[in-house]
Amino acid sequence: QLVESGGGLVQAGGSLRLSCAASGRTFSSYVMGWFRQAPGKEREFVAGISWGGTSTNYADSVKGRFTISRDNAKNTLYLQMNNLSPEDTAVYYCGRSTVGAISTNTRAYASWGQGTQVTVST
């Protein structure tokens with residue numbers, strides 16, 4: 001089970017830190033990812049991280065602004081989001097990958113949380 005938290009309303013240029021608490025599986029064994037879905041749009045890849053946290057990958061739209069990390073001792077995935085813009089407004093989801101490498105494809109992720117809303121105002 002994955003449970004996201006940390007979303008909210010923030011002004012453009014602000015920051016938020018999302019968390020994803022995992023239970024029921026061996027969290028440290030899995031590649032994890034953050035995705036987002038804006039109204040009327042498909043779910044898109046935001047960032048991914050290897051099981052040990054040594055490898056990461058980001059969508060071009062968030063590079064330099066977002067940072068994905070994980071604490072395997074706490075079974076928790078994080079997404080630090082800085083310099084937010086209205087284009088970042090979406091429901092953010094964490095997912096557990098079924099493949100060993102970081103994938104940008106939603107089909108590579110078997111488990112999802114319920115999502116947390118991020119709204120960035122102008």
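Residues numbered from 1 in each chain as written. Predicted model: local features only at pLDDT ≥ 70, side-chain atom pairs only at ≥ 80, totals over all residues. Heavy atoms only, no water.

### Focus: the packing of aromatic side chains
By the definition in use, this model includes four aromatic pairs. Between the aromatic rings of phenylalanine 35 and tryptophan 112, the centroid separation amounts to 5.0 Å while the plane-to-plane angle is 85°, which identifies the pairing as edge-to-face. Residue phenylalanine 35 is found in strand S4 (residues 32-37), and its partner tryptophan 112 is found in strand S10 (residues 109-112); the two are separated by 77 residues along the sequence. Among the residues examined, tryptophan 112 registers a relative accessible area of 26% and is labelled partly exposed. With 5.8 Å between their ring centres and 40° between their planes, tyrosine 109 and tryptophan 112 make a pair best called tilted. (Phe/Tyr/Trp six-rings, centres within 6.5 Å; stacked < 30°, edge-to-face > 60°. Helix = DSSP H or I, 4+ residues; strand = E, 2+ residues; numbered from the N terminus. Buried < 20%, exposed > 50% of the residue type's maximum accessible area, 1.4 Å probe, protein only.)

### Details of the side chain of aspartate 88
Among the structural elements, aspartate 88 can be located in the loop between strand S8 (76-81) and strand S9 (90-97). Within the local environment of aspartate 88, its side chain forms a polar contact with the side chain of arginine 65, the two groups lying 2.7 Å apart. Setting aside residues no more than four positions away along its own chain, aspartate 88 makes contact with Arg36, Arg65, Phe66, Asn83, Val118 and Val120. (Polar contact = N/O pair within 3.5 Å; in protein donor to acceptor, adjacent residues only side chain to side chain. Contact = heavy atoms within 4.5 Å.)

### Quick notes on the state of the cysteines
Under the criterion given, the structure shown has one disulfide. A disulfide bridge connects cysteine 20 with cysteine 94, and the sulfur atoms are separated by 2.0 Å. Between cysteine 20 and cysteine 94, the S-S dihedral sits near 60°, and the bridge is therefore right-handed. Placement of the pair is cysteine 20 in strand S3 (residues 16-22) and cysteine 94 in strand S9, with a sequence separation of 74 residues. In terms of burial, cysteine 20 and cysteine 94 fall into one category: buried. (Disulfide = S-S within 2.5 Å.)

### Regarding the sheet that holds strand S1 (residues 2-5)
Each strand in a sheet pairs with its neighbour through backbone hydrogen bonds, running either in the same direction (parallel) or in the opposite one (antiparallel). Taken in spatial order, the four strands line up as S1-S3-S8-S7 in an open sheet, and their pairing is antiparallel. Each having just a single partner strand, S1 and strand S7 (66-71) make up the two edges of the open sheet. If you compare each strand with its neighbour and ignore which way they point, the axes differ by 15° on average. The sheet contact formed by S1 and S3 spans four bridges and is antiparallel. Its bridge partner being in S3, glutamate 4 is matched across the sheet by cysteine 20. (Pairing = 2+ DSSP bridges. Axes fitted to C-alpha atoms, helices over the stretch in contact; angles between N-to-C directions.)

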